[in-house]
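Here is what each chain is made of, one letter per residue.
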Amino acid sequence: MYETFRPLLDALERLGVDPRALERAADEAERTGRSIRSVLINDHVVTETQLTEASADAYGITFVDLVGYQLDPAAVAAIPLSLVLRHRVLGLAVDEHEIVVGITDPGDVVALDDVRAATGLVVKPVVVARTELRKIIERLRREENDLADVAETLRAEQAANTPSLTSVGDDAPIVRYANSLLEQAIQNRASDLHLEPTEHDMRVRYRIDGVMHEIDTVPRHVQAALISRLKIMANVDITERRVPQNGRLTVEVNQRSIDLRLATLPTVWGEKIVLRVLDTGGINLKLEALGFTPANYRRFAASFTKPHGMVLVTGPTGSGKSTTLYAILSAISKPTINIITVEDPVEYRLPGVNQVQVDHKAGLTFAEVLPAILRSDPDVVLIGEIRDRVTAQLAVEAALTGHLVLSTLHTNDAPSAVTRLTDMGIEPFLVGSSIDSVLAQRLARRLCDWCKQAYAPTEAELAGSRWPADLAVPDVLWKAGGCRSCSGTGYRDRIALHEVMPMSPEIEKLTIARASTTDLRRVAMAEGMRELRIDGLGKAAEGLTSIQEVLRVAV
């Protein structure tokens, strides 16, 4: 009798629920054909929390509390909304082989089979509370309806030749949908939101911890309205679609003001929009918190604590160069020194620092504003990026005339910064005399402390990573797991890998002699420089990241 739900009843009995009440509920379910779950809840035999915990116990699977849970956008998008609404399931985490699915009734094999067929992935169910799942699904349905409302309104406007949807009030579907995209991006710790037009629709992606996640698609006929709405928010000309534009906007999320930087790019299928999230509450501007090893910190701190000279931070876009420079300013800023920055754009406002924003339309470029800055009696000058010979020449001259100059370059490693400046046309003896140190940097994802898994490394893995002979091989390394805290990815936040090259007398001689990057690297390593990869492997040995992640970002 009622064998199908006997495991659930037994689990509830273990939680202390009256066995007689459970038997009466089971009889009622058999007699009326109602589900045992609805009888238990609606007849107030058990609470929802008890039912959820018992379901997890009965099926031997994990219970996940959705309150405050950070959803993985890729996992949510992996299951079609029609299936989500039909079966009340929700994607929580996903990788290339498996998807973790939140469900209230893990015995619903039809729902799990449909998810498996729709995604082509192995389905790992976890139990979630019905009320919290309903709230999230309702929000997803509302966002889908907003998008449908936008499309329908646009069709009606086109037929009636009425004004654009972007001119309506704050309760318009396009406004709600745009706000929802921004809010989700911030809540999911995204650093960038990408809206990318394609031939048939628009792809929406978030970059989280340096990795892109596709979270939605927008119909093509809604594309123009969504772009226009975001451009209006950023005070950008909505009629100009042929040239790149830049803007800035501020949104309120959880009673916090978050700045975003908007950039447009004309493509063959329309304007691409990228929104960079400038959340100062999400960064730590203390150098000690940026992942420096003690040795690297001592070598690097010796340069920016001097009263003059040039300190360069190198790396590709998105490697944390600006954050490191801001952390240096925070470390050295005090009332007795005058700090002036010139940036394109100013990403974070720093108290006690004079910050200048480049304005190309007004002719206010790095090269134009630097002479004015040097006439403003600075002690420290931060130049957002050295892009051309004129800027490089001014930076070198400032460093040689008693100023501390901080700036960035786009090079692959620290020694390449020296040859890059000489390639720009700066005399080698000036490069050697002005530079005090170069820091190369990459960002690797940090392993989640809650779910990282220890394992014994194999000989093949160590050989493939080119494990250095002077770095002790640990008994265990760590790899990504997957839990609630990291949305099932195994990683949460990022850690910097560093390569610090001080300008020693020997390296200065090689610079003046126009030596190759290979020769500079050889001498720098002989003097104690640790390559990015080796610094990363050291952090993998400490359990901060994984070998796979180090090799992803550092060759």
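Here the residue numbers are simple positions, counted from 1 along each chain's written sequence. Since the coordinates come from a predicted model, pLDDT governs what is reported: local features require at least 70, and pairs of side-chain atoms require 80 or more to be given and counted, while whole-chain, interface and lining totals use all residues. No hydrogens and no water enter the side-chain calculation; it runs on all heavy atoms of the structure.

## Details of the side chain of Glu549
Put simply, DSSP H or I for four residues or longer makes a helix, DSSP E for two residues or longer makes a strand, and each gets a number counted from the N terminus. Relative to the elements of secondary structure, Glu549 occurs in helix 21 (residues 547-553). The term polar contact refers here to a pair of N or O atoms within 3.5 Å; inside protein, the definition further demands a hydrogen-donor-capable atom paired with an acceptor-capable atom, and it admits residues adjacent in sequence only when both atoms are side-chain atoms. In this structure the side chain of Glu549 is engaged in a polar contact, spanning 2.9 Å, whose partner is the backbone nitrogen of Arg445. By definition, residues are in contact when any of their heavy atoms lie within 4.5 Å. With residues near it in sequence (within four places) discarded, Glu549 still touches Ala444, Arg445 and Tyr491.

## Things to note about helix 11 (residues 294-304)
In this scheme, a residue with accessible area under 20% of its type's maximum is buried, one over 50% is exposed, and one in between is partly exposed, where area comes from a 1.4 Å probe on protein chains only. Among the residues of helix 11, those classed as buried are Asn296, Phe300, Ala301, Ser303 and Phe304. Summarising the axial view, the buried residues of helix 11 lie within an arc of 150°, below the 170-degree limit, and thus occupy one face. Set apart from the buried face of helix 11 by more than 90 degrees, the exposed residues are Pro294 and Arg298. The inward-facing, buried residues of helix 11 abut strand 10 (309-314), helix 12 (321-332), strand 14 (404-409), strand 15 (435-447), strand 18 (491-502) and helix 20 (532-541). What the arc covers is the set of directions going from the helix axis to the C-beta atoms.

## Brief notes about the confidence of the model for the chain
Overall, the predicted model of the chain reaches an average pLDDT of 84, with 91% of residues at or above 70. As a per-residue measure, pLDDT tells how confident the predictor is, with possible values from 0 to 100. The low-confidence segment residues 162-168, where pLDDT is below 50, has 13 contacts with residues more than four positions distant or belonging to other chains.

## A short note on the UniProt feature "domain: Bacterial type II secretion system protein E" (unreviewed entry) in the chain
UniProt positions are given in the numbering used here, feature names are shortened, and annotations may be inferred rather than shown by experiment. Following the UniProt record, the feature "domain: Bacterial type II secretion system protein E" (unreviewed entry) maps to residues 374-388 here. Across residues 374-388, helical content stands at 7% and strand content at 27%; the span's end C-alpha atoms are separated by 18 Å.

## Comments concerning helix 13 (residues 366-374)
Those residues of helix 13 lying buried are Phe366, Val369, Leu370 and Ile373. Projected onto a plane normal to the axis of helix 13, the buried residues spread over an arc of 115° and lie on a single side. Contacts made by the buried residues of helix 13 are with strand 11 (339-343), strand 12 (354-357), strand 13 (380-383) and helix 14 (389-400).

## A look at the environment of Lys124
Tracing the backbone shows Lys124 in strand 3 (residues 122-127). Residues Lys124 and Ser228 lie 104 residues apart in sequence; the distance between their C-alpha atoms is 41 Å.

## Let's talk about the sheet that holds strand 3
When DSSP finds two or more bridges between a pair of strands, those strands are recorded as paired. With mixed pairing, 3 strands are arranged side by side in an open sheet as 1-2-3. Either end of the sheet is taken by a strand with one partner, and the two such strands are strand 1 (89-94) and strand 3. Neighbouring strand axes in the sheet, compared pairwise and without regard to direction, differ in orientation by 35° on average. The pairing of strand 2 (residues 98-103) with strand 3 spans 6 bridges and is parallel. By the bridge assignment, Glu98 is partnered in strand 3 with Val122. Lines fitted to C-alpha atoms define the axes, with helix axes restricted to the stretch in contact, and inter-axis angles between N-to-C directions lie between 0 and 180 degrees.

## Regarding the environment of Val236
Here Val236 lies in the loop between helix 10 (220-233) and strand 7 (246-253). For Val236, a relative accessible area of 9% puts it in the buried group. Expressed as a C-alpha distance, the spacing of Val236 and Thr47, which sit 189 residues apart in the sequence, is 52 Å. Not counting chain neighbours up to four residues away, the residues in contact with Val236 comprise Lys231, Gln245, Asn246, Gly247 and Leu262.

## Thoughts on the packing of helix 18 (residues 505-512) against helix 19 (residues 517-526)
At a minimum axis separation of 10 Å, helix 18 and helix 19 run at an interaxial angle of 175°. Relative to helix 19, helix 18 is oriented roughly antiparallel. For the pair formed by helix 18 and helix 19, the contact residues are Glu506, Ile507, Leu510 and Thr511 on the first element and Asp519, Leu520, Val523 and Ala524 on the second. Residues that form the contact of helix 18 with helix 19 fall into these classes: 5 nonpolar, 1 polar and 2 charged. Oblique is the label for every angle not falling under 35 degrees (roughly parallel), over 145 degrees (roughly antiparallel), or within 65 to 115 degrees (roughly perpendicular). Residues are grouped as follows: Ala, Val, Leu, Ile, Met, Phe, Trp, Tyr, Cys and Pro are nonpolar; Asp, Glu, Lys and Arg are charged; all remaining types, including Gly, are polar.

## Things to note about the packing of aromatic side chains
Note on ring pairs: Phe, Tyr and Trp rings are taken, using the six-membered ring of Trp, and paired if centres are within 6.5 Å. Classes follow the plane angle, with under 30 degrees stacked, over 60 edge-to-face and the rest tilted. Under the defined criterion, the tally for this structure stands at 3 aromatic pairs. Judged by centre distance (5.6 Å) and plane angle (15°), the rings of Phe292 and Phe300 are stacked. The exposure class of Phe292 is buried, given its relative accessible area of 11%. Residue classification places Phe300 among the buried residues on the basis of a relative accessible area of 0%. For the pair Phe300 and Phe304, a centre-to-centre distance of 5.4 Å together with 70° between the ring planes defines the contact as edge-to-face.

## Regarding the pattern of salt bridges
For this analysis, a salt bridge means a side-chain nitrogen from Lys or Arg found within 4 Å of a carboxyl oxygen belonging to Asp or Glu. Tallied over the full model, the rule gives 21 salt bridges. For Asp114, the salt bridge goes to Arg86, with nearest N and O atoms at 3.8 Å. Note that Asp114 is positioned in helix 7 (residues 109-119) and Arg86 in helix 6 (residues 81-87), a separation of 28 residues in sequence. Across the pair Asp519 and Arg522 runs a salt bridge, and its minimum N-O distance is 3.6 Å. In this pair, Asp519 and Arg522 are both assigned in helix 19, 3 residues apart and thus about one turn of the helix distant. The network of salt bridges with shared partners includes Asp413, Glu499, Arg521, Glu531 and Arg533.

## Notes on unusual backbone geometry
Of note in the backbone geometry, Arg466 takes a positive phi value of approximately 55° without being a glycine. By the secondary structure assignment, Arg466 is in the loop between helix 17 (459-464) and strand 17 (477-479). Of note in this structure, Asp493 is not a glycine but carries a positive phi near 70°. If you trace the backbone, Asp493 turns up in strand 18.

## Comments concerning the nonpolar core
Here is a general trend for soluble globular proteins: nonpolar side chains tend to be buried in one another's company. Note on terminology: a nonpolar core comprises buried Ala, Val, Leu, Ile, Met, Phe, Trp, Tyr and Cys residues joined through side-chain atoms within 4.5 Å. Core analysis: the biggest nonpolar cluster contains 55 residues, and Leu312, Leu421 and Ile435 have the highest contact counts within it. Ranked by the residues each element gives to this core, the list is headed by helix 14, at 6 residues. The next biggest cluster of nonpolar side chains, apart from the first, holds 34 residues, and it includes Ile215, Ala234, Val253 and Val277.

## Focus: the environment of Leu374
Note on placement: Leu374 falls in helix 13. In this structure the C-alpha to C-alpha distance between Leu374 and Asp388, which are 14 residues apart in sequence, comes to 18 Å.

## As for the packing of helix 15 (residues 414-423) against helix 19
One can describe the packing of helix 15 onto helix 19 by two numbers: an axis separation of 9 Å at closest approach and a directional angle of 140°. Taken together, the axes of helix 15 and helix 19 are oblique relative to one another. At the point where helix 15 passes helix 19, the crossing takes the right-handed sense. Taken together, the residues of helix 19 that come into contact with helix 15 (itself represented by Pro415, Ser416, Val418 and Thr419) are Thr517, Leu520 and Arg521. A class-by-class count of the residues in the contact of helix 15 with helix 19 yields 3 nonpolar, 3 polar and 1 charged. For any helix crossing, the convention is left-handed if the near helix is rotated counterclockwise from the far helix by under a right angle, and right-handed if that rotation is clockwise.

## Quick look at the sheet that holds strand 5 (residues 201-208)
With antiparallel pairing, the 6 strands of this open sheet are ordered in space as 6-5-4-9-8-7. Since the sheet does not close on itself, it has two edges, and those belong to strand 6 (211-219) and strand 7, each with one partner. Shown here is a sheet whose adjacent strand axes are inclined to one another by a mean of 20°, direction ignored. Sheet topology places strand 5 next to strand 6; 8 bridges connect them, and they run antiparallel. Bridge assignment links Asp201 to a residue of strand 6, and that residue is Pro219. Each of strand 4 (190-197), strand 5, strand 6, strand 7, strand 8 (256-267) and strand 9 (270-278) is contacted by helix 10, which is oriented at about 45° to strand 9, the strand it contacts most.

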